[in-house]
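Examining the three-dimensional arrangement
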Amino acid sequence: MDKRHVTVLGIESSCDETAVAILRAPWSRGTNEPPELLSSVISSQIPLHRVHGGVVPELASRNHSRMLPLLIREACSEAKIGIREIDAFAATAGPGLASSLLVGNTTAKALALAAGKPFLAVNHLEGHLLSPFISEPDGTPPHLGLVVSGGHTLFIDVRGFGEYTLMGRSLDDAVGEAFDKVGKMLGLPYPGGPEIEKASQGGNPAAFDFPRAMIREKHANVSFSGLKTAVLYTLPKLTANGNPADLSPLQLSDICSSFQQAIIDVLVSKLKYCQERTGHGTIAISGGVACNKTLRTALEKLCAERGLSLKLSPPGISTDNAAMIAYVGMEKFRKGDIHSLGEDVDPNLPLAGTLNRTKGGLAPAPGKPS
Ligand code: KG4
Ligand code: ZN
């Protein structure tokens, strides 16, 4: 074994993507050598769930079981590595769908047991949060992190690896969830996020004055349920019976563009608030919604205006993937933070307090200034 490096295999199966990745990094810092992603394979179940308008848990877990052995073989072959050369096996332990988490988690534990190597339980949100730094030789710098995924909207003060304080979150729908629900309302295919982005092109972001809840309040919590309802109430005003199929292409573009802009305005405003509170010089954005180009442009503008550095997850590592799981696993392994094979999955695993091993703070009370 090459003792100067550590090679970690990561498995992600928390929702509707089955993914495996192999990451190699130097054992110790200070070599100026970034981690190398040897392989990252993802099998998306989106087409399977699209006909149902959302994720069906039973279908998801069955498909994870079917795909995982194939993906592990594919990841090893792409990385040109044998399973015996892996130093540790990491898997998502939560949050996510219990039956889906169990498939990846149990697989990683079985591999670890058979190979006599350590098992590393990883928080999916920590994976997203740190994914913008996956190619950095120096690990996680202090920064302000925004995780915008299908299940979470989190503003996090990051002081280093494992040191997180939650500054704010969504009090109802996560940003991705709001995109998906509004997409469904507008008759767009699942998932709604990329579809709304596509439909918004050429639309007027000021065509509809949709609500921006709590935008001026001095805290970092957000709410998108009022925005969702406002879109719902707009439909009957534009069509005879509220049927989205009767919207003209321009009306659809205007609704999508205005909805997207309302979300971006809220996120930018709360990022400004958090940045002023923490004084961080770096903002990092992760999670599926971070793929949104209009959001990215707005964040680039914010950072340019304030002289801040913006870190975005590399392409392919914003939506669910196993590279981010292998990366957090690798950081834990280097710190000797190994987990027992008896450690269970947790569908509601919080980020601050990951498996009770972080020093992070707790969520502020809903609606209260953080
Ligand atoms: O991080 P992710 O892959 O899975 C979760 O952990 O939830 O995020 C999926 C979410 C979905 O809600 C999807 O609609 C949203 O990310 N999404 C987008 C875009 N691409 C994916 N939302 C807005 N614009 C996009 N381009
Ligand atoms: Zn995710």
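Scroll up a little and you will see the structure.
Now for a quick tour of the structure. (Residues numbered from 1 in each chain as written. Chains lettered and ligands numbered in written order. Predicted model: local features only at pLDDT ≥ 70, side-chain atom pairs only at ≥ 80, totals over all residues. Heavy atoms only, no water.)

Another aspect to go through is the packing of aromatic side chains. Under the defined criterion, the tally for this structure stands at three aromatic pairs. Consider the rings of Trp27 and Phe333, whose centres lie 5.2 Å apart with planes at 50°: the pair is tilted. Of this pair, Trp27 sits in the loop between strand E2 (17-26) and strand E3 (36-44) while Phe333 sits in helix H10 (residues 323-335), and the two are 306 residues apart along the sequence. Residue classification places Phe333 among the buried positions, given a relative accessible area of 12%. With centroids separated by 5.2 Å and ring planes inclined at 85°, the aromatic side chains of Phe179 and Phe259 adopt a geometry described as edge-to-face. Highlighted residues: Phe179 in helix H5 (residues 175-185) and Phe259 in helix H8 (residues 249-278), separated in sequence by 80 residues. Across this residue pair, the class does not change: Phe179 and Phe259 are buried. (Phe/Tyr/Trp six-rings, centres within 6.5 Å; stacked < 30°, edge-to-face > 60°. Helix = DSSP H or I, 4+ residues; strand = E, 2+ residues; numbered from the N terminus. Buried < 20%, exposed > 50% of the residue type's maximum accessible area, 1.4 Å probe, protein only.)

This brings us to the pattern of salt bridges. Using the criterion set out here, one finds 12 salt bridges in the structure. With a shortest N-O distance of 2.5 Å, Glu136 and Lys311 are connected by a salt bridge. One end of the pair, Glu136, is in the loop between helix H4 (124-130) and strand E6 (143-148); the other, Lys311, is in strand E10 (residues 309-312), with 175 residues separating them in the sequence. Several salt bridges converge on common partners, so that one network encompasses Asp173, Glu177, Lys181 and Lys228. (Salt bridge = Lys/Arg side-chain N within 4 Å of Asp/Glu carboxyl O.)

Let's shift gears to empty space enclosed by the protein. Here the structure, examined in full by the defined rule, presents one cavity of 30 Å³ or more. Lining the largest cavity, in full, are Pro26, Ser28, Arg29, Gly30, Thr31, Asn32, Glu33, Pro137 and Arg334. In the lining of the largest cavity, the residues fall into two nonpolar, four polar and three charged. (1 Å grid on protein atoms, 1.4 Å probe; cavity = no way out; pocket = protein on both sides within 12 Å on 5 of 7 lines; lining within 4 Å. Points joined across faces, edges and corners; volume = space filled by probe spheres on them. Nonpolar A, V, L, I, M, F, W, Y, C, P; charged D, E, K, R; others polar.)

We now examine the site of ligand 1. By nearness alone, 20 residues border ligand 1, and Gly150, Asp180, Glu197, Gly288 and Asp320 come closest of all. Between an oxygen atom of ligand 1 and a side-chain N or O atom of His128, the distance comes to 3.1 Å. For ligand 1, an oxygen atom lies 2.6 Å from a polar atom in the side chain of Asp180. Contact with the protein chains removes 88% of the 550 Å² of surface that ligand 1 exposes when unbound. (Near = heavy atom within 4 Å. Polar contact = N/O pair within 3.5 Å; in protein donor to acceptor, adjacent residues only side chain to side chain. Areas by Shrake-Rupley, 256 points an atom, 1.4 Å probe, with all protein chains shown as cover.)

Attention shifts here to the environment of Thr140. In this structure, Thr140 sits in the loop between H4 and E6. Residue classification places Thr140 among the buried residues on the basis of a relative accessible area of 13%. Along the primary structure Thr140 and His280 are separated by 140 residues, whereas in three dimensions their C-alpha atoms are 13 Å apart. Not counting chain neighbours up to four residues away, the residues in contact with Thr140 comprise Leu130, Val158, Gly160, Phe161 and Tyr327. (Contact = heavy atoms within 4.5 Å.)

Note on the zinc ion (ligand 2): its protein donors are His124 (NE2), His128 (NE2) and Asp320 (OD). The metal-donor distances range over 2.0 to 2.1 Å. Classification of the site at the zinc ion (ligand 2) rests on its four donor atoms, whose angles at the metal span 95 to 136°, yielding the label irregular. Every donor residue of the zinc ion (ligand 2) comes from the same chain, spaced as H-x3-H-x191-D. On the criterion of helical spacing, the pair formed by His124 and His128 is a turn pair, its members being four residues apart in helix H4. Each of the two residues, His124 as well as His128, counts as buried. (Donors = N, O, S within 2.8 Å, 3.2 Å for Na, K, Ca; no water. Tetrahedral: all angles 85-135°; square planar, octahedral: opposite > 155°, others 65-115°.)

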